[in-house]
4 protein chains.
Amino acid sequence: MKVSVLGATGYAGAELLRILYNHPDAEVVHITSESHTGENISDLYPHLRGLYDMKLESMKDIEAIGSDSDFVFIGLPHGHAMEVGKALADKPVRIIDLGADYRFADTSVYEAWYHVPHTHTDAVRVYGLAELYREDIREAKIIGNAGCFTTASILALAPLAKQHLIDVNTIIVDAKSGVSGAGRSAKQPNHFPELYDNFRAYNVAKHRHTPEIEQAITDLSGETTVLNFTPHLVPMSRGILATCYASLKDGVQPELVDAAFEKLYGKEYFIRLLGRGAYPSTKNVRGSNFCDIAWHIDERTNRVIVLSVIDNLVKGAAGQAVQNFNIACGFEEKTGLDYVPMYP
Amino acid sequence: MKVSVLGATGYAGAELLRILYNHPDAEVVHITSESHTGENISDLYPHLRGLYDMKLESMKDIEAIGSDSDFVFIGLPHGHAMEVGKALADKPVRIIDLGADYRFADTSVYEAWYHVPHTHTDAVRVYGLAELYREDIREAKIIGNAGCFTTASILALAPLAKQHLIDVNTIIVDAKSGVSGAGRSAKQPNHFPELYDNFRAYNVAKHRHTPEIEQAITDLSGETTVLNFTPHLVPMSRGILATCYASLKDGVQPELVDAAFEKLYGKEYFIRLLGRGAYPSTKNVRGSNFCDIAWHIDERTNRVIVLSVIDNLVKGAAGQAVQNFNIACGFEEKTGLDYVPMYP
Amino acid sequence: MKVSVLGATGYAGAELLRILYNHPDAEVVHITSESHTGENISDLYPHLRGLYDMKLESMKDIEAIGSDSDFVFIGLPHGHAMEVGKALADKPVRIIDLGADYRFADTSVYEAWYHVPHTHTDAVRVYGLAELYREDIREAKIIGNAGCFTTASILALAPLAKQHLIDVNTIIVDAKSGVSGAGRSAKQPNHFPELYDNFRAYNVAKHRHTPEIEQAITDLSGETTVLNFTPHLVPMSRGILATCYASLKDGVQPELVDAAFEKLYGKEYFIRLLGRGAYPSTKNVRGSNFCDIAWHIDERTNRVIVLSVIDNLVKGAAGQAVQNFNIACGFEEKTGLDYVPMYP
Amino acid sequence: MKVSVLGATGYAGAELLRILYNHPDAEVVHITSESHTGENISDLYPHLRGLYDMKLESMKDIEAIGSDSDFVFIGLPHGHAMEVGKALADKPVRIIDLGADYRFADTSVYEAWYHVPHTHTDAVRVYGLAELYREDIREAKIIGNAGCFTTASILALAPLAKQHLIDVNTIIVDAKSGVSGAGRSAKQPNHFPELYDNFRAYNVAKHRHTPEIEQAITDLSGETTVLNFTPHLVPMSRGILATCYASLKDGVQPELVDAAFEKLYGKEYFIRLLGRGAYPSTKNVRGSNFCDIAWHIDERTNRVIVLSVIDNLVKGAAGQAVQNFNIACGFEEKTGLDYVPMYP
């Protein structure tokens, strides 16, 4: 399949190139950047030297790019993908957007949280969280790849929501991410000496991944869900750990919780169930598409605490995009994604 | 005042020496270590070279040490301080224990969580969290210095508990600590390459600081409190951030929350209220005795989220011990503790 | 090819498993550990869960392991591999030792620096630095895989030594390594809080990689070489940067230096020449088998400064072992090693 | 003494404020920033909250600031201090410049390396490396505070140069610095994910600290010195380690080397001689004005290797400035600087 990457110079774009390099059935035909048009990607990312000595193009002629490509991956800031989606609406090319434009079934939710009008409200698209929406992804024209925090959070909570084991309105997700999640642009708060040996929260009660998690839990549980999501910045490069709290419904026994995880994920390749009482570490999934999950039940408070870890750039972005690509192409789902996490 | 440090070779002991060096009214007369008896502390901690070239003694002759000292600081693993407390019960020397032995009013709670019998149950002692129990500390014979996670958590929640603004049984404390909190002994999980670029939780639903927080919130609110406390390990040396969640009682307006913090802490030197909507960072208090606090109100879920940061070795251990020492001696509370955090 | 890994629980052993997982022509048949015999490797290294749920065996019956295997990789401390080498001397199995036992042509040098007698002095073996000793490796029974610091250092200096452009007795190698190079065993100096935000040198003028570099430079230049090698520990997990200094011989022009690098490495896949005046970064090769090299000429002092970077666990250990394996098997050299470094 | 800090918003300026807070004989009267005029310093540096809630002023009216101050500390980029120096030439105020403008006796060297004309060539000034130029500093009008890399390097080499024990033209200084040395401005190469788990060199054979080291060694040895200086960036906040190589002159015995260090530094408070064969660590001096030094002699190559560590923001900048201030005022040299390094 011929694929193009729009916005290839962000961390997610570069990670896509890393993964696609070993994909046996994908050929990268165009990579774009408006601010670095004409430059070689390996001058911006010297780790790609000798592997991707490709020129970055402008996406101004998006139709030509669309014509050349079977799939277009979009790694642009929100607001741009819907323009691409409209421009390519009538072409056979399919789209996987790593941003937020196509993640919401109700575009008014998008507009309320992202503060821009949605201009492609009639797009036929699916939510790209592979383990939960696989069937929809197979035939989709546009896939709104799930966000990084949301992937970790939804995968942690989905079995409990789906089996109605928790009171969904008691959910609190306390999430922690490495700094690569904040993008490649230099900003003073993310300057090395500012973050090193430092830890802080940000966007409390207003992070845009909140409604995305709510949408999925509402969908899975059938109950309108409002929850708290709190992101924190960890002084490391990669990795997300989500600590998810919820009150168990009366009479829910630990074995029921165990069974819910086993039932939903027992056969999933990329979800590794560590079991009740275990502790996932971000480093155990680093560089890979795995999501490791464990859970704890506090009988004193009758709460369940679910811990999930992913690599934010892989299962939280580029890896999940390739997983969705594989599903959409009918390839084996782990094609190009079947390797060992990098430890230590 | 003549002071001695029992267990001076742990990180908290070494930090005590750092702080006491600049205390105008304290003179260190004995430092002890059973495993390094006879060695020079600056051979174990070369940063002390030229400043503390003192010999480590055994604490076998605890009575002699007690006789020489006005105050004994104890930096030993739990279970040891109560033996010291008994041995020195009849001497005028006063005790500040940085461990858990004297933190619980109800020693059966201690026994249930620490799995050892308490052998000094009739000790007259106070809980050493200075801002909340100052008056009790003034005359105390034995001060059970508050724990690191607990200091950050209790200070964050105390105003809300005391003013009855929250439902105390909805409290969830999600806490994150630098690795110095795990002590100086080398253990495989804390080996540098294992933790670097890594993040994980530990002791979910069973960390021993849980009952200590519950004890304080119960005391402050007058309501029996059971809560969730979850510790995480951050790949950094120092610092704790506690993210504390609770449901507001019906009708509690944001201004009431603001007023509760202002009322309890408005005149406290070591508590810096950053205000509603702000973000404390662990690095802003690094090396200092400050606790920076901010809070957020999520109107969608009617929860308050309080963020507090401390340096786990200072306000969470040695600094608070010196603050308690100052109170107990009648010194100005910030004596020896009035300096600028080390940033960046 | 059937391969076994002796000493699979060290970082180099685990990294071998990571790389071999994607090698199309290698099948891992035995993995051993004396201290964890009977345990599952994925219990020790949870990142391997689902990928290598293999039992660790004892190597006591080394002959059976040797009979089952076409190649044995050895990741044991020095002194052990020569025992294996003797035991398997008469079997067709071939050996790649990641330790030092088979690196020295003159075993008295080994004995002088490693302080143990060499017990397999008549072994026919080759030095496993692929780019320089490729032809010897093809048919070798025993390959003494080059060390991590030495690989970075020798590759940096080889073109200059071989072309006689430098005075070899002015060579100074100042090298810096991530902490994974110190192994997986927890030791107090490598405890997380001790190294974090810290930098130090170690083994000045006595590190065992010194004679290994000297051996290669002597061999390449034809001149007996004595040099300084100084290792340092960088607070990071992976990566080595070697800064190599030497005085240029009279009249050596910069273009001659450029040409020497181009001549020796122009066609090497795993050596990426960044050119004169450039700056390699360890992160640009992280997780990969690449060695990035740049050089600078200081006309004021008439010295050349060569900078080289590798991932110590890949090109400095497991990756180079697989590269040597490929050469020894007649496979394409980059088989199983052709992927993108992990950045950021 | 009334002191002002010009350019208070850089890391060195903020560190000056940290140190001066505890100086019993200094009162900060003005702090300036052109880009943040009118803002409160504690809004830019929240760690200063409650300690320095001072407004930043413009330095446009430098004469008024000069009139109010006994000392002016300058933390501005090179080129600015000489303008201040001229403007205040006729006032009694004394100047300590933390930048390079007043470091060179021969201003043509400054011009050649800094690429700007020197406009205050007739300034009477001294080089502010306290241990070596103490007598000159006492009465100086203008003190050109030594640079960070240069302080570590010169202190390491001075005893050997002064006693003529080394061939000065064989000197190679391989130096490593934490990232705070690069300043507070966000730049893409110093963005957190770019540097984390990464190590690299920069400015090889052209760093501006080279001629500053050469000037001092030439002065101390009486021999014109040309040397190599190579800086590297360590993924940590603070600290410099300099690894300094030189060939010993014929017949120089180890004891002579030891004696040279003892003779020059035996009575210095801020220089801690760890001795021959020891290993200084940057963390052992973190936050303090100490310089720890050790040395090794390689009898195989007849080279001496000196290792020195400082905190780049303290002994390498603000601490040394205060040390110079103390000397210039006739105060005890360690006034305000006598505290324990922050470990771990």
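Quantities reported herein were computed from a predicted structural model and do not represent experimental measurements. (Residues numbered from 1 in each chain as written. Chains lettered and ligands numbered in written order. Predicted model: local features only at pLDDT ≥ 70, side-chain atom pairs only at ≥ 80, totals over all residues. Heavy atoms only, no water.)

A. Structural context of the sheet that holds strand β7 (residues 172-177) of chain B. Residue and element names in this part refer to chain B. One open sheet holds the 7 strands; their spatial order is β8-β9-β7-β10-β13-β12-β11, and the pairing between them is mixed. Each having just a single partner strand, β8 (200-201) and β11 (271-276) make up the two edges of the open sheet. Of the pairings in the sheet, the one linking β7 to strand β10 (residues 240-247) comprises 6 bridges and is antiparallel in character. Each bridged residue has a counterpart across the sheet, and for Ala-175 the counterpart in β10 is Ala-242. Lying on the sheet, helix α7 (residues 148-162) is in contact with β7, β9 (228-233), β10, β11, β12 (291-298) and β13 (303-310); it crosses β13 at an angle near 140°. (Pairing = 2+ DSSP bridges. Helix = DSSP H or I, 4+ residues; strand = E, 2+ residues; numbered from the N terminus. Contact = heavy atoms within 4.5 Å. Axes fitted to C-alpha atoms, helices over the stretch in contact; angles between N-to-C directions.)

B. Inspection of the relation of the copies chain D and chain C at higher detail. Here chain D sits on chain C after a turn of 180° about the axis and a move of 0.0 Å along it, with an RMSD of 0.0 Å. Accordingly, the operation relating the two chain copies is best matched by a two-fold axis. (Least-squares fit on C-alpha atoms with pLDDT ≥ 70 in both.)

C. Just the pairing of β13 of chain B, in detail. Residues and elements named next belong to chain B. Buried residues dominate β13, accounting for 8 of its 8 residues. On β13, burial covers both faces: Arg-303, Ile-305, Leu-307 and Val-309 on one face and Val-304, Val-306, Ser-308 and Ile-310 on the other are all buried. Where β12 meets β13, 7 bridges bridge the pair, whose relative direction is antiparallel. Bridge assignment links Ile-293 to a residue of β13, and that residue is Ser-308. Counted along the chain from β12 to the antiparallel partner β13, the turn is 4 residues long, and its residue Asn-302 has a positive phi close to 60°. (Buried < 20%, exposed > 50% of the residue type's maximum accessible area, 1.4 Å probe, protein only.)

D. Structural detail: the relation of the copies chain C and chain A. Expressed as a screw transformation, the operator carrying chain C onto chain A has a rotation angle of 180° and an axial translation of 0.0 Å, and the superposed copies differ by an RMSD of 0.0 Å. Comparing interface residues between copies, 100% of those in chain C also lie at the interface in chain A; the contact surface is shared.

E. Inspection of the interface of chain D and chain C at higher detail. Residue-level contacts link 51 residues of chain D with 51 residues of chain C. Of the roughly 4100 Å² buried where chain D meets chain C, counting both sides, 51% is carbon and sulfur surface. Summed over the three residues of chain D that lose the most area to chain C, namely Asp-197, Phe-199 and Arg-300 of chain D, the buried surface amounts to 17% of that side. Counting the contacts that link chain D with chain C gives 6 salt bridges. The residue Arg-300 of chain C makes a salt bridge to Glu-214 of chain D at a minimum N-O spacing of 2.6 Å. There are 40 residue pairs in polar contact (both at pLDDT 80 or more) connecting chain D and chain C. For the side of chain D that touches chain C, the secondary-structure elements that each account for two or more residues are β7 (172-177), α8 (192-195), β8 (200-201), α9 (209-221), β9 (228-233), β10 (240-247), β12 (291-298) and β13 (303-310) of chain D. Considering every element that reaches the side of chain D that touches chain C, the biggest residue donor is β7 of chain D, with 4 residues. Here the residues of the side of chain D that touches chain C are counted per class, giving 24 nonpolar, 14 polar and 13 charged. (Buried area = accessible area lost by both parts, 1.4 Å probe. Salt bridge = Lys/Arg side-chain N within 4 Å of Asp/Glu carboxyl O. Polar contact = N/O pair within 3.5 Å; in protein donor to acceptor, adjacent residues only side chain to side chain. Nonpolar A, V, L, I, M, F, W, Y, C, P; charged D, E, K, R; others polar.)

F. Representation of the interface of chain C and chain A in the model. Counting from both sides, the interface comprises 35 residues of chain C and, opposite them, 35 residues of chain A. Across the chain C to chain A interface the summed buried area is about 3200 Å²; carbon plus sulfur atoms make up 58%. The largest contributions to the chain C side of the interface with chain A come from His-47, Val-340 and Met-342 of chain C, which together make up 21% of the buried area. Linking chain C with chain A are 0 salt bridges. Inspection of the chain C/chain A interface yields 22 residue pairs in polar contact (both at pLDDT 80 or more). Put simply, the parts of the chain that give the side of chain C that touches chain A at least two residues each are α1 (11-21) and β11 (271-276) of chain C. With 4 residues, α1 of chain C is the largest single contributor of residues to the side of chain C that touches chain A. Of the residues belonging to the side of chain C that touches chain A, the class tally is 19 nonpolar, 6 polar and 10 charged.

G. Here's a closer look at the side chain of Asp-97 of chain D. Residues and elements named next belong to chain D. Its place among the elements puts Asp-97 in strand β4 (residues 94-97). Comment: no salt bridge for buried Asp-97; closest opposite-charge side chain is Arg-103, at 6.4 Å. The contacts of Asp-97, once residues within four sequence positions are left out, are Ile-74, Ala-81, Tyr-102, Ile-143, Gly-144 and Asn-145. (Lys, Arg positive; Asp, Glu negative; His and termini not counted.)

H. Local environment of the domain arrangement of chain A. All names here are of chain A. Partitioning chain A into structural domains gives domain 1 (2-123) and domain 2 (149-312). Here the C-alpha centroids of domain 1 and domain 2 sit 27 Å apart. Taken together, the contact between domain 1 and domain 2 spans 15 residues of the former and 13 residues of the latter. Ranking the residues of domain 1 by area buried against domain 2 places Tyr-11, Arg-103 and Trp-113 at the top, with a combined share of 49%. (Domains from an automatic or database assignment.)

I. Quick look at helix α1 (residues 11-21) of chain A. Across the 11 residues that make up α1 of chain A, a large majority, 9, are buried. All of the buried residues along α1 of chain A are Tyr-11, Gly-13, Ala-14, Glu-15, Leu-16, Leu-17, Arg-18, Ile-19 and Leu-20 of chain A. Structurally, α1 of chain A contributes buried residues whose contacts are with β1 (2-6), β2 (27-32), α2 (41-44), β3 (71-74) and α11 (314-329) of chain A together with α8 of chain D.

J. Inspection of the UniProt feature "active site" (unreviewed entry) in chain A at higher detail. Residue and element names in this part refer to chain A. In the numbering adopted here, UniProt assigns the feature "active site" (unreviewed entry) to Cys-148. For Cys-148, a relative accessible area of 15% gives the class buried. Among residues more than four places away in sequence, those in contact with Cys-148 are His-209, Ile-240, Ile-310, Asn-312 and Gly-316. (UniProt positions renumbered as here; feature names shortened; annotations may be inferred.)

K. The arrangement of the pattern of salt bridges in detail. Under the definition given, this model contains 84 salt bridges over all chains. We note a salt bridge from Lys-249 of chain B to Glu-223 of chain B, for which the minimum N-O separation is 3.7 Å. One end of the pair, Lys-249 of chain B, is in the loop between β10 and α10 (254-265); the other, Glu-223 of chain B, is in the loop between α9 (209-221) and β9, with 26 residues separating them in the sequence. When the shortest N-O distance is used, the salt bridge between Arg-238 of chain C and Glu-15 of chain C registers 2.7 Å. Note that Arg-238 of chain C is positioned in the loop between β9 (228-233) and β10 (240-247) and Glu-15 of chain C in helix α1, a separation of 223 residues in sequence. The burial state of Arg-238 of chain C is the same as that of Glu-15 of chain C; both residues are buried. Members of the salt-bridge network, linked through shared partners, are Glu-15, Arg-18, Arg-238 and Asp-311 of chain A.

L. How the structure looks around the packing of aromatic side chains. Summed over the entire model, instances satisfying the criterion amount to 66 aromatic pairs over all chains. Judged by centre distance (4.8 Å) and plane angle (15°), the ring pair of Tyr-110 of chain B and Tyr-114 of chain B falls under stacked. Taken together, the residues span about one helical turn, with Tyr-110 of chain B and Tyr-114 of chain B both in helix α5 (residues 107-114) at a distance of 4 residues. Both residues of the pair, Tyr-110 of chain B and Tyr-114 of chain B, belong to the buried class. Each ring, one from Phe-71 of chain D and one from Phe-325 of chain D, has its centre 4.9 Å from the other, and the planes form 80°; the classification is edge-to-face. Of this pair, Phe-71 of chain D sits in strand β3 (residues 71-74) while Phe-325 of chain D is found in helix α11 (residues 314-329), placing the two residues 254 residues apart along the sequence. As far as burial versus exposure is concerned, Phe-71 of chain D and Phe-325 of chain D are alike and both buried. (Phe/Tyr/Trp six-rings, centres within 6.5 Å; stacked < 30°, edge-to-face > 60°.)

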